[in-house]
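Secondary and tertiary structure notes
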Amino acid sequence: MIRNMAHPPTYIILVLSPLAWCLLGSSFAAASRPECSFPAVFNFGDSNSDTGGLSAVFGQAPSPHGETFFRTPSGRYCDGRLIVDFIAEKLGLPFLSAYLDAVGSNFSHGANFATAGSTIRPQNTTLRQSGFSPISLDVQFNEFYEFKRRSQVARRRGGVFEKLLPKEDVFSRALYTFDIGQNDLTAGYFANMSTDVVRAYIPDVLDQFKNIIKYIHGEGGRYFWIHNTGPVGCLPYVMERVPILASQVDDAGCASPFNEVAQDFNRGLKQAVAQLRKELHAAAITYVDVYAIKYALISQPKKFGIKQPLKTCCGHGGKYNYNIHLGCGSKITHHGKEVIIGKSCDDPSVHVNWDGVHYTEGANRKVFDHIVGGSLSDPPIPLTMACHEQLPQSS
Ligand SMILES: *[C@@H]1O[C@H](CO)[C@@H](O)[C@H](O)[C@H]1NC(C)=O
Ligand SMILES: *[C@@H]1O[C@H](CO)[C@@H](O)[C@H](O)[C@H]1NC(C)=O
Ligand SMILES: *[C@@H]1O[C@H](CO)[C@@H](O)[C@H](O)[C@H]1NC(C)=O
């Protein structure tokens, strides 16, 4: 090709490469590449993506959780669907069952290893002591490892097992999604650590995260979709529990120090992802900036049709309609009658925050709508193209 070209002036070649070729190449490639057909999603995370894990083991998240979409408690800490549910819908898959949910689950299109309260690093406290789940990311990986092997053994028994468990090749074609890290930060604050102390252990948290991605890659996983962590300084359960100075509250009413640490975590995560991309053969790894859109919902509420950016929809009392002792769905006995104290609001869709910790379905939908097209991702590719390896950057 090049030999057949009429001698182009040297300066054009210099000007065109490598940037122009890279741009031409990537737009051409994006247009010509087919959409991915992910047969399954395997999700790892905390309550932001728990579709029933913690509920299956430690008790159902009570009503009014689930009221908007499922019309009944559904194992989610939300009035309705989570971002991971919208991801499944978009990919044409049924909602993911929690791996720990042994009753009535169909895992042929994936499994969800997330549980509410999960951290990346194992915590040295029980759920009762600290509220953090014993099912940290390393445990979630162990579950996945067992699931991958045992599902194949069970499938060989035929019958219903073949219909409820994934085929072997699904594991290398699936999308692996992650939304975890928030609780590694709050675990420090709730143990009275300063932001400096929390910041100092972030590299260890990220190292452990990277290891898990490598292990999954070692098990044949190739396509990774990784959410960063949200603005935890805007969540009532943090603002109510950890005192800060008035001067540390930003224009949106959020606690800046905790958001700054979250952004440090995210910068580190983005670097970790870039490094993984170099190290892992034939992997497509997408970093998704959910922080940006979550913070936009809270700091520019009008733009998104939101009336209550900080105050919870479901809770009781205080500045944020949040009380740690009387959470969403909590009941008290009054004159011998059970009364629901943690009640839900009339219109959850105008709230960002559901229960002091989690987002409403309406907010989750808005976050999903802003991440699905790829404009908040690195590389900026849509969800449905997340199986395509990033093109080499010009260096
Ligand atoms: C838990 O304890 C072990 C052993 O002392 C320590 O190495 C680890 O960092 C602790 N984990 C956390 C999250 O503090
Ligand atoms: C399980 O889900 C798969 C994929 O959605 C579906 O084809 C299959 O029929 C389901 N199996 C049962 C037993 O419901
Ligand atoms: C943190 O400090 C508060 C106030 O001094 C104290 O009540 C609480 O027990 C401490 N929490 C931990 C986990 O040390």
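Quick caveat, the model's predicted, so the values are computed rather than measured.

Before going further, it helps to spend a moment on the sheet that holds strand β2 (residues 110-112). Taken in spatial order, the six strands of this open sheet run β2-β1-β3-β4-β5-β8, and their pairing is mixed. Taken across any chain shown, the strands that pair with only one partner, and hence form the sheet edges, are β2 and β8 (377-378). In the packing of helix α6 (residues 137-155) onto the sheet, the strands contacted are β1 (41-45), β2 and β3 (175-179), and the crossing angle to β1 comes to about 155°.

Surveying the vicinity of ligand 1 reveals the residues R121, P122, Q123 and N124. Measuring from an oxygen atom of ligand 1, one finds a side-chain N or O atom of N124 at 2.3 Å. Protein contacts shield 38% of the accessible area of ligand 1, which totals 360 Å² for the unbound molecule. A class-by-class count of the residues in the shell around ligand 1 yields one nonpolar, two polar and one charged.

Attention now goes to the packing of aromatic side chains. Tallying each qualifying case throughout the model produces 30 aromatic pairs. Judged by centre distance (6.3 Å) and plane angle (70°), the rings of F113 and F147 are edge-to-face. Taken as a pair, F113 in the loop between β2 and α5 (127-130) and F147 in helix α6 lie far apart in primary sequence, 34 residues in all. Both residues of the pair, F113 and F147, belong to the buried class. Aromatic side chains F190 and Y237 sit 5.6 Å apart centroid to centroid with 70° between the ring planes, which places their arrangement in the edge-to-face category.

Among the five residues of strand β5 (residues 284-288), five are classified as buried, and the element is accordingly described as predominantly covered. Residue alternation in β5 divides its side chains into two sets, A284, T286 and V288 and I285 and Y287, and both sets are buried. Pairing geometry for strand β4 (residues 223-227) and β5, over five bridges, is parallel. Paired with W225 across the two strands is T286, which belongs to β5. Note: β5 against β8, two bridges, orientation antiparallel. Looking across to β8, one finds that V288 is bridged to S377.

Parameters at a glance
Residues numbered from 1 in each chain as written. Chains lettered and ligands numbered in written order. Predicted model: local features only at pLDDT ≥ 70, side-chain atom pairs only at ≥ 80, totals over all residues. Heavy atoms only, no water. Pairing = 2+ DSSP bridges. Helix = DSSP H or I, 4+ residues; strand = E, 2+ residues; numbered from the N terminus. Contact = heavy atoms within 4.5 Å. Axes fitted to C-alpha atoms, helices over the stretch in contact; angles between N-to-C directions. Near = heavy atom within 4 Å. Polar contact = N/O pair within 3.5 Å; in protein donor to acceptor, adjacent residues only side chain to side chain. Areas by Shrake-Rupley, 256 points an atom, 1.4 Å probe, with all protein chains shown as cover. Nonpolar A, V, L, I, M, F, W, Y, C, P; charged D, E, K, R; others polar. Phe/Tyr/Trp six-rings, centres within 6.5 Å; stacked < 30°, edge-to-face > 60°. Buried < 20%, exposed > 50% of the residue type's maximum accessible area, 1.4 Å probe, protein only.

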